[in-house]
Structures are given as structure tokens and as C-alpha cells.
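Analysis of the macromolecular model
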Amino acid sequence: MKSPEERRAVPIGPILGIESSCDDTAAAVLSADGAVLAEAVHSQAGHAEFGGVVPEIAARAHLAVLPDLVARVMAKAGVRFGDLSAIAASSGPGLIGGLIVGSGFAKGAAIAHRLPYIAINHLEAHALTARLPVLGLEAAFPYLLLLVSGGHCQCIAVEGVGRHVRLGGTIDDAVGEAFDKVAKLLGLGWPGGPALEKLAAEGSATAYRFPRPLIGRTGCDFSFSGLKTAVANLAATFPAGALPRQVAADIAASFQQAVADVVADRATHAMAMFGEAHPGAKLAVVAGGVAANATLRASLLAACNKAGFRFAAPPLRYCTDNAVMVAWAGLERLRAGLVDGLDVAPRPRWPLAELSA
Ligand code: KG4
Ligand code: ZN
């Protein structure tokens with residue numbers, strides 16, 4: 001095997017990225033300059049009947065799907081393992097079973113083909129996506145990341161590769177989790193966010209005045225449990241399973257507006273905090289599945305405009321979990337000379353503050 005010094009001297013070739021931290025199995029091959037040569041995402045179907053991701057089902061599905069998925073993207077990219085400069089895999093935070101499958105596969109391939117292995121922090125992968133050349137977002141460091149997904153809800157100052165400062169985050173539910181729980185209360189399927197947004201289009205956002213937790217408070221932490229409880233209490237005033245459709249639509253619209261107001265307020269505080277540390281840097285990037293929500297996007301855009309920040313939203317397939325972001329984070333780390341030993345273990349919890357730079 002080549003030493004790290006020898007490796008660094010070799011021009012960087014394509015990179016394979018693997019994502020398996022939750023319920024999406026994904027693989028992607030990027031060229032050395034970050035062009036997407038091939039990508040595939042397999043969204044697991046077996047969780048809906050349980051109303052949420054079942055870790056054991058997820059891990060087994062990753063195991064069943066990943067080898068073929070990798071073979072397909074490699075073939076589509078026209079790249080052999082021997083051509084790669086490295087293999088990167090999500091190594092946390094996330095569901096440990098899936099992380100073991102993805103990182104174990106990556107390490108095995110790295111050993112077999114004598115390639116460097118790069119353990120990717122899934123949050124850093126979301127954070128660096130905006131720098132993907134094909135997106136043309138021109139996200140130079142530093143910028144503010146608003147991560148709004150089913151598992152994560154954080155405001156992060158992205159200062160460089162391996163250099164991220166968490167400005168605030170949720171103290172209870174993630175924003176997507178709140179959407180999913182309220183959707184369940186309204187009798188909608190899982191994942192609930194998209195169904196709730198659809199139903200909300202038939203309702204009035206001013207029908208109910210739900211609480212807006214932490215709004216106006218200093219800092220940029222989030223809380224959604226009080227809002228969710230308010231919806232639950234209202235829904236409980238109707239006989240079980242007998243929520244009239246118009247009432248459900250009004251609740252959905254009013255809840256969605258409350259979330260949008262909270263997120264805009266918290267983002268405004270995050271921009272102020274970010275601005276104090278980085279005067280002159282005026283870019284806010286959104287990531288995570290909830291970025292699909294049009295009401296939330298509109299209120300974030302308005303908040304950014306008001307604060308004088310440029311608002312950048314990658315296309316949705318790069319906001320949600322994917323392997324392009326993992327491969328790209330791998331390239332960024334490889335360029336910075338950051339590769340990992342095969343003894344680096346996947347971690348269910350891996351705060352950004354503990355990243356190496
Ligand atoms: O980033 P993502 O695909 O997966 C992770 O959580 O990592 O985000 C999924 C979350 C789910 O909670 C889903 O309900 C929410 O994003 N979501 C939405 C919408 N589309 C997806 N929430 C509100 N409105 C939407 N249109
Ligand atoms: Zn994610």
C-alpha cells in the first residue's frame with residue numbers, strides 16, 4: 001500500500017461515496033473535479049407500515065441492496081475500483097446498523113483495492129454539498145447552514161473542511177419529526193411532511209393560532225414539542241378517527257405556518273450570530289428534506305432577504321440524503337490530506353465539533 005505522502009503526490013482520481021445512515025441506500029461516483037459521473041439512491045419501502053424508520057429493517061435492507069447498487073454506479077460511471085483515488089462512506093451520526101453496513105463495505109473494498117478510506121460525518125456531507133461545482137452556488141467558506149431534516153435541525157457556521165461551529169439546534173424534536181408526528185395525528189401516512197403540505201393547501205393558515213416555541217428568544221435553538229402538543233390537544237377534542245377533513249386541513253395549514261414562523265425567526269437569529277463572527281460573509285444555505293416545503297422555503301427566503309443574506313437551496317435530491325454529498329465531502333477531505341485509518345469505527349452520535357480538520 002502507498003504511504004499517505006505518496007498518495008498525496010498522485011493526482012486525485014474519481015471517488016466512490018456510500019450513504020447508509022438512515023433509510024436511504026445510496027452510492028455515487030464523482031470525478032476528481034467533482035463532476036457527478038453516476039449516482040443512485042434506493043429509498044427503502046418497508047418502514048411506512050410502522051410509521052417510522054425501523055433500524056433493524058433498515059440495516060438488513062442496506063445489506064441486501066448496497067453491493068448491487070455500488071456495482072451499478074461504478075459500471076455507469078465507467079470506473080473500475082483500481083481507478084479510484086479513495087472510498088468515502090457515512091460513518092455517523094445515524095443508525096448504527098446501517099452505518100456498519102456502509103462503512104464496512106467501504107473498508108472491505110478499500111482493503112481489497114489498496115485504496116484510502118475516508119470516514120464521512122453525515123452532517124459535514126450536508127454542510128459541504130453547497131460547494132458541489134455542478135450546483136454553481138459559489139459557496140465559499142464561511143457560510144451559514146440551516147439543516148432541517150427528519151433527524152437533524154441545526155444552524156451551523158461552516159468555516160472550512162472539518163471546521164464547523166454549531167450555533168444552535170433543536171432541544172427536542174427535529175423539524176421533520178414534528179411534521180411526521182403531526183401528520184400522524186391527522187391520520188396521514190409516513191413520511192408525513194409531504195402529505196401534510198398537500199393537505200395544508202386546502203386549509204387556512206390563520207384558522208388556529210398555535211404556539212411558536214422560542215420565537216424571539218436569544219440564540220438559535222429550536223423546540224417543537226409544545227407546538228405538537230397543542231395540535232394533539234386540539235385533535236383530541238374530536239372523536240377518535242373523526243376529524244373532519246376541513247378541520248384537518250386547517251390544522252395542517254396553521255401548524256405549517258407556525259413552523260415556518262419559528263424557522264424564519266431562528267434563522268434570523270442564526271444569521272445575526274453568524275454575522276458577528278464573520279462580518280461580510282452573507283450566504284445562508286438550506287439542507288434536509290424539510291427544505292422541500294414551499295411555505296418554509298418562502299419564509300426562509302424572506303428572512304434572508306431582510307437580513308441581507310443570499311439564500312441558496314441545492315436541488316431537493318441533494319438536500320435529502322444522497323451519496324453525491326458523501327463522495328464530495330470525501331473529495332474535499334482528500335484534497336485537504338485527510339484520510340482515515342481502517343480502525344475508525346462508525347458512530348451513532350458524532351457532533352460536528354468533534355470532527356478532525
Ligand atoms: O433529509 P431527509 O430526507 O431525511 C432525514 O431525515 O435525514 O428528511 C426527511 C424529512 C421527513 O421528516 C419528512 O416528513 C420531511 O423531511 N419532509 C417534509 C416535506 N418533504 C419531506 N416536511 C415538510 N414538508 C415537505 N414537503
Ligand atoms: Zn441527512
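Here the structure is a predicted model, which is why all the values come from computation and not from measurement.

Details of the packing of aromatic side chains
Counted by the stated rule, this structure contains five aromatic pairs. Here Phe222 and Phe224 contribute two aromatic rings whose centre-to-centre distance is 6.2 Å and whose plane-to-plane angle is 25°, an arrangement assigned as stacked. Side by side, Phe222 and Phe224 carry an identical accessibility label, which is buried. Here the aromatic rings of Phe274 and Phe309 are separated by 6.1 Å at their centres, their planes lie at 65°, and the arrangement is edge-to-face. Of this pair, Phe274 sits in helix α8 (residues 245-277) while Phe309 sits in the loop between α9 (294-307) and β10 (310-312), and the two are 35 residues apart along the sequence. Phe309 shares its class with Phe274; the two are buried. Its guanidinium or amino end placed over the ring of Phe141, Arg131 lies 3.8 Å from that ring's centre, counting from NZ or CZ.

Comments concerning helix α2 (residues 55-77)
End to end, α2 covers 31 Å across 23 residues, agreeing with the expected 33 Å (1.5 Å per residue, within 8%). All buried positions along α2 are accounted for by Ala58, Ala59, Ala61, His62, Val65, Leu66, Leu69, Val70, Val73, Met74 and Ala77. The inward-facing, buried residues of α2 abut β1 (15-19), β2 (24-30), β3 (36-43) and α3 (96-112).

Some points on the site of ligand 1
In the vicinity of ligand 1, 18 residues are found, and the nearest of them are Gly150, Asp180, Gly193, Glu197 and Gly289. Contacts to ligand 1 include Glu197, whose side-chain N or O atom sits 2.7 Å from a nitrogen atom. Contacts to ligand 1 include Gly289, whose backbone N or O atom sits 2.8 Å from an oxygen atom. Protein contact buries 86% of the 550 Å² of open area that ligand 1 shows by itself. For the shell around ligand 1, the secondary structure elements donating two or more residues are α5 (175-185) and α6 (192-200). Ranked by the residues each element gives to the shell around ligand 1, the list is headed by α6, at four residues. Of the residues in the shell around ligand 1, the class split is five nonpolar, 10 polar and three charged.

Quick word on the nonpolar core
Counting 51 residues, the largest nonpolar core has Val175, Phe224, Phe255 and Val259 as its most contacted members. Breaking this core down by element, the ones donating at least two residues are β6 (143-148), β7 (153-160), α5, α6, α7 (225-235), α8, β9 (283-287) and α9. The leading source of residues in this core is α8, at 16 residues. Setting aside residues up to four positions removed in sequence, Val175 forms contacts with Val148, Ser149, Cys153, Phe224, Val259, Val263 and Val290. Within the second largest apolar cluster, 39 residues are counted, among which are Leu123, Ala127, Leu147 and Leu352.

As for the sheet that holds β3
A sheet is described by the order of its strands in space; here five strands give the open sequence β3-β2-β1-β4-β5, paired in mixed fashion. Edge positions in the sheet fall to β3 and β5 (117-121), since each has one partner strand and no second. Within the sheet, the average angular offset between the axes of one strand and its neighbour, ignoring direction, is 15°. Packing against the sheet, α2 makes contact with β1, β2 and β3, and its axis sits at approximately 20° to β2.

What to know about the coordination of the zinc ion (ligand 2)
Bound to the zinc ion (ligand 2) on the protein side are His122 (NE2), His126 (NE2) and Asp321 (OD), at distances that span 2.1 Å. Of note, the donors binding the zinc ion (ligand 2) are all from one chain and are spaced H-x3-H-x194-D. On the criterion of helical spacing, the pair formed by His122 and His126 is a turn pair, its members being four residues apart in helix α4 (residues 122-128).

Here we look at the environment of Leu214
Inspection of the secondary structure puts Leu214 in the loop between α6 and α7. Leu214 sits 136 residues away from Gly78 along the chain, and the two C-alpha atoms are 51 Å apart. Setting aside residues no more than four positions away along its own chain, Leu214 makes contact with Ile171, Asp221, Phe222, Ser223, Asp265 and Arg266.

What to know about the side chain of Ser299
Its location among the elements puts Ser299 in helix α9. Residue class for Ser299 comes out buried when judged on its relative accessible area of 16%. In this structure, Ser299 is in contact with Ala260 and Ala264, ignoring residues within four places of it in sequence.

Focus: the environment of Val286
Inspection of the secondary structure puts Val286 in strand β9. Owing to a relative accessible area of 1%, Val286 belongs among the buried residues under this scheme. If near-sequence neighbours (up to four positions away) are discounted, Val286 is found in contact with Leu146, Val148, Ala291, Leu300, Phe311, Ala312, Ala313, Pro314 and Cys319.

Looking at the domain arrangement of the chain
Segmentation of the chain into domains returns domain 1 (4-131 + 318-356) and domain 2 (141-313). Each of domain 1 and domain 2 has a C-alpha centre, and the two are 28 Å apart. Facing the 23 residues of domain 1 at the interface are 19 residues of domain 2. For the pairing of domain 1 and domain 2, the buried interface totals around 1,700 Å² over both sides, and the portion due to carbon and sulfur atoms is 72%. Counting across the domain 1 and domain 2 interface gives zero salt bridges. Summed over the shared surface of domain 1 and domain 2, the result is four residue pairs in polar contact (both at pLDDT 80 or more). If you list the elements that add at least two residues to the side of domain 1 that touches domain 2, you get α4 and α11 (324-335). Sorting elements by how many residues they give to the side of domain 1 that touches domain 2 places α4 first, with six residues.

What counts and what doesn't
Residues numbered from 1 in each chain as written. Chains lettered and ligands numbered in written order. Predicted model: local features only at pLDDT ≥ 70, side-chain atom pairs only at ≥ 80, totals over all residues. Heavy atoms only, no water. Phe/Tyr/Trp six-rings, centres within 6.5 Å; stacked < 30°, edge-to-face > 60°. Buried < 20%, exposed > 50% of the residue type's maximum accessible area, 1.4 Å probe, protein only. Helix = DSSP H or I, 4+ residues; strand = E, 2+ residues; numbered from the N terminus. Lys NZ or Arg CZ within 6 Å of the ring centre and 35° of its normal. Expected span 1.5 Å × (residues − 1). Contact = heavy atoms within 4.5 Å. Near = heavy atom within 4 Å. Polar contact = N/O pair within 3.5 Å; in protein donor to acceptor, adjacent residues only side chain to side chain. Areas by Shrake-Rupley, 256 points an atom, 1.4 Å probe, with all protein chains shown as cover. Nonpolar A, V, L, I, M, F, W, Y, C, P; charged D, E, K, R; others polar. Core = buried A, V, L, I, M, F, W, Y, C linked by side-chain atoms within 4.5 Å. Pairing = 2+ DSSP bridges. Axes fitted to C-alpha atoms, helices over the stretch in contact; angles between N-to-C directions. Donors = N, O, S within 2.8 Å, 3.2 Å for Na, K, Ca; no water. Domains from an automatic or database assignment. Buried area = accessible area lost by both parts, 1.4 Å probe. Salt bridge = Lys/Arg side-chain N within 4 Å of Asp/Glu carboxyl O.

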